[in-house]
Amino acid sequence: MEPLLVDNLPEAELRYGVKLYERASFVMPWHMHNLYELTLIMAGRGTRIVGDRIGSFFPGDLLLVGPRLPHVWKDDRDEESDGDVCALTLQFTADFPSPEFLALPQMRPVQRVLDRARRGLAPQGALRDQVEAKMRRLPETEGARQVLLILEILADMAESQEWMLLASNGYTFSKGGDAQRWNRINGFILENFHRAIPARELAAVAGLHPSSLGRYFKHATGMRVTEYVNQVRIGHACRLLATEEKPIVEICYDCGFQNLSHFNRCFRKLKGVTPSTYRARLKGLAPGDTPRPTRSAGATC
């Protein structure tokens, strides 16, 4: 299930590019770059997959993805959706701003952060706020000052430990496989995880015999089909727990689980806490607070 390779810097000689993405939805399939990509979600919410890490995204979500790390954003498209999506992206080459500059001893902390970004980095807390503020200035900045602003962002990340690694330490992506097949499978799961997905139906989407589906999935993701689907469901549940006041039992069924006890077991296995504890921490009612998804004042898109 090789992802689509997308490298489209507008001016390659600059070694970086800044782009504002404004559309009705995220349309890019499972893909990767030979570049580093820093993405700020300004509008929209849904599920994101980075390597083997499945979670939710919200306005204010910030993510640095390293070269050849597959990823995808799938926004919610239902009657309660917030409308269009908007993201600000910064892409830069592995030798930005130049090989000689990057080789300076002062740049070693930045190099270490970039090495870690090959698993995906999600800035948290004060670092997230700091990086977001500077990213929002990028489209209005030009020339040398734009380059300096990017270097400031990288320096901020290098001087902080307030970020979360995403893909697992052992994650590797095989270069072989069928990109179109995986995009069909992944797209179908993201569209239908709210209901039961029979193995025969998913196998038909994949163009495989049902007995071959499990082997294909294990080879492609390192997980069984049910494990992967449940990760997508739990990622969606985390978004609902963070943004809505629905009863947990209602969230359970909204995410495709058939009973509450199974939902609780899966949630605890993946998140280490129960859904009620997770929600309480988001609201600041229990120790170990998780930053609440927010949208900065004055955000435009």
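Here's a quick rundown of the structure. As the structure is a prediction and not an experimental result, all values here were calculated from the model.

Our next topic: the overall build of the chain. A count of helices and strands for the chain gives eleven helices and eleven strands. Taking all 301 residues of the chain together, 49% fall into the buried category. Across the chain, contacts joining residues at least 24 apart in sequence account for 72% of those joining residues at least 6 apart. Only carbon and sulfur atoms are counted for the fraction: they give 51% of the accessible area of the chain, which is about 14600 Å².

Tallying each qualifying case throughout the model produces twelve salt bridges. One salt bridge in this structure joins Arg136 and Glu132, with 2.9 Å as the shortest N-O distance. Highlighted residues: Arg136 and Glu132, both in helix H3 (residues 125-137), separated by four residues, approximately one helical turn. Since its relative accessible area comes to 2%, Glu132 is described here as buried.

Packing of helix H8 (residues 225-243) against helix H10 (residues 260-271) brings their axes to within 10 Å, and their N-to-C directions diverge by 90°. When the axes of H8 and H10 are compared, the pair comes out roughly perpendicular. Across the interface between the two elements, Asn230, Gln231, Ile234, Ala237, Cys238 and Leu241 from H8 touch His262, Phe263, Cys266, Phe267, Leu270 and Lys271 from H10. Taken together, the residues that form the contact of H8 with H10 break down as eight nonpolar, three polar and one charged.

Attention now moves to the nonpolar core. With 32 residues, the main nonpolar core has Leu38, Leu64, Leu90, Phe92, Val131 and Met135 as its most contacted residues. Only strand E4 (36-43), strand E7 (62-65), strand E9 (85-92), helix H2 (108-116), H3 and helix H4 (143-158) provide two or more residues apiece to this core. Among the elements that make up this core, the one with the highest residue count is H4 (seven residues). If you look at the next biggest cluster of nonpolar residues, it comprises 24 residues, including Trp182, Ile197, Tyr228 and Val232.

This paragraph deals with the pairing of E7. Here E7 shows two buried faces, one formed by Leu62 and Leu64 and the other by Leu63 and Val65. Pairing geometry for E4 and E7, over four bridges, is antiparallel. Residue pairing in the sheet places Thr39 in a bridge with Leu63 of E7.

Another point: the pairing of strand E5 (residues 46-50). Counting buried residues along E5, five of its five residues qualify, which places the element largely inside the surrounding structure. Relative to strand E6 (residues 53-57), E5 is paired through five bridges, and the arrangement is antiparallel. Bridge assignment links Gly46 to a residue of E6, and that residue is Phe57. Hairpin connection, E5 to E6: the antiparallel pair is bridged by two residues, and Gly51 has positive phi, about 60°. Sheet topology note: the E5/strand E8 (residues 71-75) ladder contains five bridges and is antiparallel. For Arg48, the partnering residue across the bridge sits in E8 and is Trp73.

On to the environment of Phe26, then. Inspection of the secondary structure puts Phe26 in the loop between strand E2 (16-23) and strand E3 (31-32). Sequence separation between Phe26 and Val72 is 46 residues, and the spatial gap between their C-alpha atoms is 8.7 Å. Those residues in contact with Phe26 that sit more than four places away from it in its chain are Tyr21, Ile41, Phe57, Trp73, Asp75, Val85 and Ala87.

Another point: the packing of aromatic side chains. Going through the model one piece at a time under the given rule, you end up with ten aromatic pairs. With 5.4 Å between their ring centres and 20° between their planes, Tyr21 and Phe26 make a pair best called stacked. The burial state of Tyr21 is the same as that of Phe26; both residues are buried. With centroids separated by 5.9 Å and ring planes inclined at 65°, the aromatic side chains of Phe263 and Phe267 adopt a geometry described as edge-to-face. Separated by four residues within a single helix, Phe263 and Phe267 lie in helix H10, roughly one turn from each other.

Here is what the cut-offs are and how they apply
Residues numbered from 1 in each chain as written. Predicted model: local features only at pLDDT ≥ 70, side-chain atom pairs only at ≥ 80, totals over all residues. Heavy atoms only, no water. Helix = DSSP H or I, 4+ residues; strand = E, 2+ residues; numbered from the N terminus. Buried < 20%, exposed > 50% of the residue type's maximum accessible area, 1.4 Å probe, protein only. Contact = heavy atoms within 4.5 Å. Areas by Shrake-Rupley, 256 points an atom, 1.4 Å probe, with all protein chains shown as cover. Salt bridge = Lys/Arg side-chain N within 4 Å of Asp/Glu carboxyl O. Axes fitted to C-alpha atoms, helices over the stretch in contact; angles between N-to-C directions. Parallel < 35°, antiparallel > 145°, perpendicular 65-115°, else oblique. Nonpolar A, V, L, I, M, F, W, Y, C, P; charged D, E, K, R; others polar. Core = buried A, V, L, I, M, F, W, Y, C linked by side-chain atoms within 4.5 Å. Pairing = 2+ DSSP bridges. Phe/Tyr/Trp six-rings, centres within 6.5 Å; stacked < 30°, edge-to-face > 60°.

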